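Survey of secondary and tertiary structure
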Amino acid sequence: MKKEQACQYLAIAIEQAKLRHDFLLWAYVFMPNHAHLLIYPKQDTYSISKILHSVKQSVSRRVLLYM
């Protein structure tokens, strides 16, 4: 899989997670084997682990289908 494709999958997953979990994405950087996100939850009650799970699960599924 090309790095560009994996980055595209990650960007899509982040956008979907933003809608699902209602947070702002202030900054991000995609590294060769990981990513850094600076997010701001809009709700008083939120779960970072649920947000990360949404992103990681979506990317994992797409990558497995690609392979």
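Presented here is a report on the structure given in the accompanying data block. (Residues numbered from 1 in each chain as written. Predicted model: local features only at pLDDT ≥ 70, side-chain atom pairs only at ≥ 80, totals over all residues. Heavy atoms only, no water.)

1. Regarding the pattern of salt bridges
A full pass over the atoms with the stated rule returns two salt bridges. Linking K18 and E15 is a salt bridge whose minimum nitrogen-to-oxygen distance equals 3.6 Å. Within this pair, K18 and its partner E15 are both found in helix 1 (residues 3-21), separated by three residues, close to a single helical turn. A residue is classified by how much of its surface remains accessible, and K18, at 24% relative accessible area, is partly exposed. Put simply, K42 and D22 hold a salt bridge, and the shortest N to O gap is 3.7 Å. Pair noted here: K42 is in the loop between strand 2 (35-41) and helix 2 (48-66) and D22 is in the loop between helix 1 and strand 1 (23-30), with a separation of 20 residues, a long-range link. Under the relative-accessibility criterion, D22 is labelled partly exposed at 27%. (Salt bridge = Lys/Arg side-chain N within 4 Å of Asp/Glu carboxyl O. Helix = DSSP H or I, 4+ residues; strand = E, 2+ residues; numbered from the N terminus. Buried < 20%, exposed > 50% of the residue type's maximum accessible area, 1.4 Å probe, protein only.)

2. Here we look at the layout of surface pockets
Looking at the largest pocket, its volume works out to about 240 Å³. For the lining of the largest pocket, the secondary structure elements donating two or more residues are helix 1 and helix 2. Tallying contributions element by element places helix 1 first for the lining of the largest pocket, with four residues. Split by residue class, the lining of the largest pocket holds nine nonpolar, two polar and one charged. (1 Å grid on protein atoms, 1.4 Å probe; cavity = no way out; pocket = protein on both sides within 12 Å on 5 of 7 lines; lining within 4 Å. Points joined across faces, edges and corners; volume = space filled by probe spheres on them. Nonpolar A, V, L, I, M, F, W, Y, C, P; charged D, E, K, R; others polar.)

3. Notes on the nonpolar core
Core analysis: the biggest nonpolar cluster contains eight residues, these being L10, A13, I14, A17, F23, I51, V55 and V59. Counting residues per element, the ones that place at least two in this core are helix 1 and helix 2. Beyond its immediate stretch of four places on either side in the chain, L10 contacts F30, A35, V55 and V59. (Core = buried A, V, L, I, M, F, W, Y, C linked by side-chain atoms within 4.5 Å. Contact = heavy atoms within 4.5 Å.)

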